[in-house]
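Tertiary structure, described
What follows is the residue order along each chain.
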Amino acid sequence: MVYLIFLILGLFILGYILMDLYLKISLKIKLLDEPKKFSMHMSATPTGSGIIFVILYIIFIAGIRILELNSLIEYTYPNRFYLLNFFIIVISLMSFWDDFKNIHPNIRFFFQIIFVSFSLPLIDVEILNNYIPLKLILFIIVLYWVYQINCINFIDGLDGFLATYSIFFFFNFLFYF
């Protein structure tokens, strides 16, 4: 448990360092989001910094695996955990690409539906299956996940709202699953 706490603290510090480095680089090479009609910011703002969270996520998964292989922690992976990791990274990279080259919303929505649908085997819905038909449950889950992805992507540009919303979502997700 102590090793896991050190891993998380290390990632927090690394995240701070990487974010600072990314912001300096993005200002230098002009990876900026220009204000638009409905933008919350009035001047050019660095964009694409969400890639830092993907990097930290990959490092966290690798760190967990290293700790587990060295018998420092015991970790039970959920069913088909590799699918979840793959699709989280693919959707994140798609959002990162969208920060620089606008992907048409219909195309992005289509791929989000596909990626989320392929992630459905990760979910155990037997509790709800007695009360609601399985196809309806899966349809609602897909819509909810895509809704969450787009809410986070929308809120991403609003200062401080994303962190608060993500913490709220995390505890809801933790409670449900």
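What this report covers is the structure whose coordinates are included nearby. Every value quoted in this text rests on a predicted model; they were computed, and no experiment measured them.

Relative to the helices and strands, R108 is located in helix α4 (residues 105–118). When neighbours within four sequence positions are excluded, R108 is seen to be in contact with M94, D98, I103, N150 and N153.

On to the nonpolar core, then. Grouped together as the largest cluster of nonpolar side chains are 13 residues, with contacts concentrated most on V116, L120, I123, I141, V142 and W145. Those elements giving two or more residues to this core turn out to be α3 (81–100), α4 and α6 (134–155). Listed in part, the 10 residues of the second largest apolar core include I52, V54, L56 and L67.

Moving on: the packing of aromatic side chains. What the rule picks out here adds up to five aromatic pairs. Plain terms: the ring middles of F86 and F87 are 5.1 Å apart, the flat faces sit at 70 degrees to each other, and that makes the pair edge-to-face. Site record: aromatic cluster; members linked through ring pairs are F86, F87, F110, F111, F115 and F118.

At a minimum axis separation of 10 Å, helix α1 (residues 2–28) and helix α2 (residues 51–69) run at an interaxial angle of 155 degrees. By the angle between their directions, the pair α1 and α2 is classed as roughly antiparallel. For the pair α1 and α2, the crossing hand works out as right-handed. Within the contact between the two elements, α1 uses Y3, L4, L7, I8, L11, L14, G15, L18, M19 and Y22 and α2 uses I51, I52, F53, I55, L56, I59, F60, G63, I64 and L67. When the residues that make up the contact of α1 with α2 are grouped by side-chain class, the tally is 18 nonpolar, two polar and no charged.

Moving on, we get to the environment of S95. As for its placement among the helices and strands, S95 is situated in helix α3. Between the C-alpha atom of S95 and that of G50, which follows or precedes it by 45 residues, the distance is 8.5 Å.

On to α3. The terminal C-alpha atoms of α3 lie 30 Å apart, and with 20 residues this matches the ideal 28 Å at 1.5 Å per residue to within 8%. Every buried residue belonging to α3 is among F81, L83, N85, F87, I91, M94, S95 and D98, and all of these are buried.

A grouping of M1, V2, I5, F6 and L9 is seen on the molecular surface, where their side chains present a nonpolar patch of about 560 Å² in accessible area. You can see V2 is positioned in helix α1. For V2, a relative accessible area of 51% corresponds to the exposed category.

Next up on the list: α2. For α2, spanning 19 residues, the distance from its first C-alpha to its last is 27 Å, which sits close to the expected 27 Å at 1.5 Å a residue. Packing partners of the buried residues in α2 comprise α1 and α3. A positive backbone phi angle near 60 degrees is found at S71, which sits one or two residues after α2.

Turning to the pattern of salt bridges, a few remarks are in order. Overall, the coordinates contain two salt bridges when judged by the stated rule. With a shortest N-O distance of 3.3 Å, D20 and K24 are connected by a salt bridge. Here K24 and D20 lie together in helix α1, a separation of four residues that amounts to about one turn. Since its relative accessible area comes to 36%, D20 is described here as partly exposed. Judged by relative accessible area, K24 falls into the exposed class, the value being 54%.

Rules and cut-offs
- Residues numbered from 1 in each chain as written.
- Predicted model: local features only at pLDDT ≥ 70, side-chain atom pairs only at ≥ 80, totals over all residues.
- Heavy atoms only, no water.
- Helix = DSSP H or I, 4+ residues; strand = E, 2+ residues; numbered from the N terminus.
- Contact = heavy atoms within 4.5 Å.
- Core = buried A, V, L, I, M, F, W, Y, C linked by side-chain atoms within 4.5 Å.
- Buried < 20%, exposed > 50% of the residue type's maximum accessible area, 1.4 Å probe, protein only.
- Phe/Tyr/Trp six-rings, centres within 6.5 Å; stacked < 30°, edge-to-face > 60°.
- Axes fitted to C-alpha atoms, helices over the stretch in contact; angles between N-to-C directions.
- Parallel < 35°, antiparallel > 145°, perpendicular 65-115°, else oblique.
- Left-handed = near helix turned anticlockwise from the far one by under 90°.
- Nonpolar A, V, L, I, M, F, W, Y, C, P; charged D, E, K, R; others polar.
- Expected span 1.5 Å × (residues − 1).
- Patch = residues over 30% accessible without salt bridge, like charges linked within 9 Å, V, L, I, M, F, W, Y side chains within 5 Å.
- Areas by Shrake-Rupley, 256 points an atom, 1.4 Å probe, with all protein chains shown as cover.
- Salt bridge = Lys/Arg side-chain N within 4 Å of Asp/Glu carboxyl O.

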